[in-house]
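Spelled out, the chains give:
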There are 2 protein chains.
Amino acid sequence: MAEIPQGFWDGEHRMLARLISLVEDDLPGKEEVLRKLHPHTGRAYILGLTGSPGAGKSSLVDSVVREIRKRNQTVGVIAVDPSSPFSGGAFLGDRIRMNEHALDDGVFVRSMATRGSLGGLAKTSKEVVKVMDAFGMDWVIIETVGVGQSELDIMYIADTTVVVLTPGAGDSIQSMKAGIMEIADVFAINKCDMPGTDTLTLEVNLMLDMQDDHIKWRPPVKLTTNLNKAEGITELLEAIESHRDYLNEKGFFAERRRERTKNETLDIVNYQWQRLVMEEVNRPGRVSDLLEKVAAREVDPYTASAKIINWIIANLKKA
Amino acid sequence: MAEIPQGFWDGEHRMLARLISLVEDDLPGKEEVLRKLHPHTGRAYILGLTGSPGAGKSSLVDSVVREIRKRNQTVGVIAVDPSSPFSGGAFLGDRIRMNEHALDDGVFVRSMATRGSLGGLAKTSKEVVKVMDAFGMDWVIIETVGVGQSELDIMYIADTTVVVLTPGAGDSIQSMKAGIMEIADVFAINKCDMPGTDTLTLEVNLMLDMQDDHIKWRPPVKLTTNLNKAEGITELLEAIESHRDYLNEKGFFAERRRERTKNETLDIVNYQWQRLVMEEVNRPGRVSDLLEKVAAREVDPYTASAKIINWIIANLKKA
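Cut-offs used in this document
Residues numbered from 1 in each chain as written. Chains lettered and ligands numbered in written order. Predicted model: local features only at pLDDT ≥ 70, side-chain atom pairs only at ≥ 80, totals over all residues. Helix = DSSP H or I, 4+ residues; strand = E, 2+ residues; numbered from the N terminus. Buried ≥ 20, exposed ≤ 12 C-beta atoms within 10 Å, placed from the backbone. Contact = placed C-beta atoms within 7 Å. Expected span 1.5 Å × (residues − 1). pLDDT = per-residue confidence, 0-100. Core = buried A, V, L, I, M, F, W, Y, C linked by C-beta atoms within 7 Å. Pairing = 2+ DSSP bridges. Axes fitted to C-alpha atoms, helices over the stretch in contact; angles between N-to-C directions.

A separate point is the overall build of chain A. Secondary structure assignment for chain A yields 13 helices and seven strands. Taking all 319 residues of chain A together, the buried fraction comes to 45%. A fraction of 73% describes how many contacts in chain A between residues 6 or more apart in sequence connect residues 24 or more apart.

Right, here's the structure in full:
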């Protein structure tokens with residue numbers, strides 16, 4: 001598929017799903033499709049939402065989606081779930097969540113549990129964001145579990161990042177070590193009808209007060225719940241929009257988009273290179289032979305890598 | 001420093017610390033040093049230890065270190081702590097833990113909280129492992145927090161990986177989704193004097209039973225505590241050594257080392273390439289000019305990346 005099907009531009013979810021699969025599965029023509037979509041991107045507002053497992057992120061995202069729909073805006077949701085053979089990963093979640101919004105043309109939900117894809121989940125997520133953006137979604141929400149580097153990498157593409165915490169669930173100052181706190185633009189204390197909410201709110205505010213001289217934007221801390229009925233969602237969305245206004249006023253929004261596009265380009269440069277390397281490695285020949293010698297400790301990795309780089313470049317020169 | 005100081009070969013901790021700093025800080029001569037250390041590596045047994053924040057990993061590692069020392073073997077510890085400006089990262093931990101083993105020549109502890117280093121924490125950790133290995137440590141223990149991709153990347157270099165769980169601390173089946181369960185060779189149920197230990201042990205065993213046909217080695221589940229006095233540590237180390245014996249008998253140990261050395265070489269190839277790219281980006285000239293055009297949306301990232309690759313290769317051709 002080198003041409004974007006007309007149905008995609010006409011707003012057919014079936015075509016959106018098809019293009020996302022093409023990107024996710026790394027099918028031929030993917031790069032050409034992304035190149036063609038590029039001029040149509042940059043309009044969606046990208047909202048990141050992250051937190052520990054069990055923080056109630058999925059329900060919170062559903063409530064936020066409902067709130068966005070009340071305003072007649074459209075939204076794409078990417079639920080990134082580093083899957084595990086032990087849990088079955090994103091499959092169950094996908095089925096449950098598809099039902100709720102299945103008949104709504106203004107919502108498209110996609111769970112991603114790709115493992116081991118070249119370039120990783122962060123790369124694929126960014127590409128799926130682009131597809132949803134080009135499709136014309138007003139919002140793209142990326143929901144991720146966890147505190148690792150790969151989740152942080154995903155969140156760097158968000159315009160506003162909401163960190164979801166829950167009282168009692170081990171989301172104490174301990175877990176705040178892990179790096180997600182740095183990327184928070186807004187805090188949601190979810191399940192706020194549970195005991196421990198006051199303490200957690202106090203802790204987060206205290207921590208933010210200690211940082212006041214380092215940060216320009218002080219993340220608001222909002223209480224939300226989805227247990228019996230959704231509460232605090234309007235306020236959460238308003239906090240997100242305050243952050244959006246702040247970014248716009250200060251010119252940070254445009255600046256961040258510029259930086260992101262540059263980094264995206266460098267990611268592609270590195271990805272293309274890695275593809276060239278892997279082609280050499282998987283083909284019988286001098287590169288794979290040399291790697292065998294490294295494995296046998298006959299050649300050291302540093303000498304070998306210099307040779308491999310030279311060989312790949314010599315090949316490209318000929319081509 | 002292109003020569004390895006004699007003190008390093010003589011077992012001086014001061015020199016070990018100096019070489020680790022050179023690697024961590026990416027100082028000139030680093031690659032030459034790693035190249036020279038390479039022939040002396042491959043002898044240490046690499047033990048990974050991971051789990052959620054608050055699982056008591058540090059105390060458990062200290063107990064394991066004491067157990068190893070009882071056997072008159074030497075051990076290097078790398079505590080990887082993705083630091084955060086909110087918590088101060090690894091600094092506090094470093095000070096506390098240095099004290100206990102400060103007078104013991106057979107133990108060397110290093111906390112790592114490097115952020116944003118080129119190639120990331122995983123790359124630097126691997127290099128520090130090499131330095132400790134070449135120094136002659138019998139064991140190298142890598143301790144990491146969390147469940148993200150970057151922690152998993154670090155753990156792939158371990159010969160045996162211990163996943164530490166604690167009862168009640170949210171370490172239920174929920175958190176097992178996140179991918180660390182797949183890399184476990186041994187489970188330690190730590191703080192086993194706390195309520196919920198039986199349930200958690202049952203859950204983990206159940207989960208392992210469900211997987212029996214997929215895995216060759218069934219990870220043993222060991223109970224440990226460090227609260228009043230350390231218990232279960234001998235049994236934990238014996239479980240680790242059973243896994244070691246298993247790897248040796250099946251030939252997996254040698255095979256994994258071979259694969260690891262190959263991957264290490266490819267990592268260097270990619271890292272060298274990224275360095276070339278960053279040199280071009282940071283220098284005023286056609287690459288940085290083109291990136292500005294991409295940021296202004298005058299050129300798309302895909303067209304730009306193809307040009308950048310060609311330019312870098314043309315430069316190398318001349319050199």
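Here we come to helix α4 (residues 57-70) of chain A. An α-helical turn contains 3.6 residues, so a residue and the one three or four places further along point in the same direction. Residue and element names in this part refer to chain A. Look at α4: 20 Å from first C-alpha to last across 14 residues, which is about the 20 Å you get at 1.5 Å a residue. Within the sequence span of α4, burial applies to Lys57, Ser58, Leu60, Val61, Ser63, Val64, Val65 and Ile68. Downstream of α4 by a residue or two, Asn72 has a phi angle that is positive, lying close to 60°.

Quick look at the confidence of the model for chain A now. Residues and elements named next belong to chain A. With 82% of its residues at a pLDDT of 70 or more, chain A shows a mean pLDDT of 83. Scored below 50 in pLDDT, residues 83-96 makes 30 contacts in the model with residues more than four places away or belonging to other chains. Interface confidence for the predicted complex, expressed as ipTM, amounts to 0.76; the pTM equals 0.72.

The next subject is the nonpolar core. Core analysis: the largest hydrophobic core is formed by 64 residues, its most contacted members being Val131, Val140 and Ile141 of chain A. The leading source of residues in this core is helix α6 (residues 120-135) of chain A, at eight residues. Not counting residues within four places of it along the chain, the set of residues in contact with Val140 of chain A comprises Ala44, Ile46, Gly76, Ile78, Val129, Met132 and Asp133 of chain A. Leu47, Met112, Val129 and Phe135 of chain B belong to the second largest nonpolar core, which has 63 residues in total.

Across a sheet, paired strands are connected by hydrogen bonds in the backbone, their directions being either parallel or antiparallel. Residues and elements named next belong to chain A. The strand order across the open sheet formed by seven strands is β3-β2-β4-β1-β5-β6-β7, and the pairing between neighbours is parallel. Every other strand in the sheet has two partners, leaving β3 (107-112) and β7 (221-223) as the edge strands with one partner each. For this sheet the average axis-to-axis angle between neighbouring strands, irrespective of direction, equals 20°. Both strand β6 (residues 186-189) and β7 contribute to a ladder of three bridges, which runs parallel. Its bridge partner lying in β7, Ile189 is registered against Leu223.

A word on the pairing of strand β5 (residues 160-165) of chain B. Along a regular strand, successive side chains alternate from one face of the sheet to the other. Residue and element names in this part refer to chain B. When you tally the buried positions in β5, you get six out of six residues, the bulk of the element. Along β5, one buried face is formed by Thr160, Val162 and Val164 and the opposite face, lined by Thr161, Val163 and Leu165, is buried too. With five bridges connecting them, strand β1 (residues 45-51) and β5 associate as parallel partners. Looking across to β5, one finds that Gly51 is bridged to Val164. In terms of strand pairing, β5 meets strand β6 (residues 186-189) through four bridges, oriented parallel. If you follow Val163 over to β6, its bridge partner there is Phe187.

Another aspect to go through is the pairing of strand β4 (residues 139-145) of chain A. Residue and element names in this part refer to chain A. With seven of its seven residues buried, β4 lies for the most part within the structure. Residues Trp139, Ile141, Glu143 and Val145 point to one face of β4 and Val140, Ile142 and Thr144 to the other, with burial holding for every one of them. Summarising the sheet, strand β1 (residues 45-51) and β4 pair through seven bridges and their orientation is parallel. If you follow Gly51 over to β4, its bridge partner there is Val145. Relative to β4, strand β2 (residues 75-80) runs parallel, the two being bridged by six bridges. Within β4, the position partnered with Val75 by the bridge is Trp139.

Residues and elements named next belong to chain B. Here we have seven strands laid out as an open sheet, ordered β3-β2-β4-β1-β5-β6-β7, and parallel in their pairing. Strand pairing shows two members of the sheet lacking a second neighbour, β3 (107-112) and β7 (221-223), which therefore form its edges. Strand-to-strand twist across the sheet, computed as the mean angle between neighbouring axes with direction ignored, equals 20°.

If you check the backbone angles, Lys191 of chain A has positive phi at about 55° while not being a glycine. We classify Lys191 of chain A as buried; it has 24 C-beta atoms within 10 Å. Phi is positive for Asn72 of chain B, close to 65°, though the residue is something other than glycine. Tracing the backbone through its elements, the reader meets Asn72 of chain B in the loop between α4 (57-70) and β2 (75-80). We classify Asn72 of chain B as exposed; it has 8 C-beta atoms within 10 Å.

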